[in-house]
Amino acid sequence: MQRYLWQQADGKRHVYDTTRHRIQAEHSFTALCGETVTPQTERGDLTAGLWFDGECPVCTIALAKALGWPVREISDLAHRFDWSPALITRLAEVLHCSFGEVVELTGARMVDA
C-alpha cells in the first residue's frame, strides 16, 4: 500500500498517512494538514470516483514536501491555490516554517476567509 493516500472528508480532499490511520466511515483521522476530519457515508466520501470536493491546499503542499519535492516545484504547486492568513498559519505549522517563509513559498496570494 502507498504511504500517503487521499480521502474526501468534511468538504475537502485530504491526505493521510496509511501507517497511522485506517479509514472507516464515521471515524475521525488526522490529515497531513493537522485537521481532524471524518468521512461520511451519506456524502459519498468513501465511494471511489465520487469525490467532487476540492483539494485541501495544506495537505497538498505537505504531501509534496513529504515526498521530497524540490522547493521550487512545491512553490509552483502552492501558486495554484488562494491562501488565507489562517491557511498560511496552518501550513507554517505543518512545514515548521515562519509565516513569512510560507507567504514567500505560496506567492502571497492571500484572500480573506
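Residues numbered from 1 in each chain as written. Predicted model: local features only at pLDDT ≥ 70, side-chain atom pairs only at ≥ 80, totals over all residues. Heavy atoms only, no water.

Asker: What is the right way to look at the nonpolar core in this model?
Answerer: As a rule of thumb, nonpolar side chains are buried together in soluble globular proteins. Core analysis: the largest hydrophobic core is formed by 28 residues, its most contacted members being Phe29, Cys33, Val58, Cys59, Ile61, Trp83 and Leu91. Not counting residues within four places of it along the chain, the set of residues in contact with Ile61 comprises Ile74, Leu77, Ala78, Trp83, Leu91, Leu95 and Leu105. (Core = buried A, V, L, I, M, F, W, Y, C linked by side-chain atoms within 4.5 Å. Buried < 20%, exposed > 50% of the residue type's maximum accessible area, 1.4 Å probe, protein only. Contact = heavy atoms within 4.5 Å.)

Asker: Where do I start with the pattern of salt bridges in this structure?
Answerer: Note on pairing: side chains with opposite charge can pair once their charged atoms come close. Considering all chains together, one arrives at six salt bridges under this definition. In this structure, Asp17 engages Arg3 in a salt bridge whose closest nitrogen and oxygen atoms are separated by 2.8 Å. Highlighted residues: Asp17 in strand E2 (residues 12-17) and Arg3 in the segment before strand E1 (4-9), separated in sequence by 14 residues. Given a relative accessible area of 7%, Asp17 falls into the buried group. The exposure class of Arg3 is partly exposed, given its relative accessible area of 43%. With a shortest N-O distance of 3.5 Å, Arg80 and Glu55 are connected by a salt bridge. A residue pair is termed long-range when its members are at least 10 positions apart, and Arg80 in the loop between helix H2 (71-78) and helix H3 (85-95) and Glu55 in the loop between strand E4 (36-37) and helix H1 (57-66) qualify at 25 residues. We classify Glu55 as partly exposed; its relative accessible area is 24%. In the salt-bridge network here, residues are joined through shared partners; they are Arg43, Asp45 and Asp53. (Salt bridge = Lys/Arg side-chain N within 4 Å of Asp/Glu carboxyl O. Helix = DSSP H or I, 4+ residues; strand = E, 2+ residues; numbered from the N terminus.)

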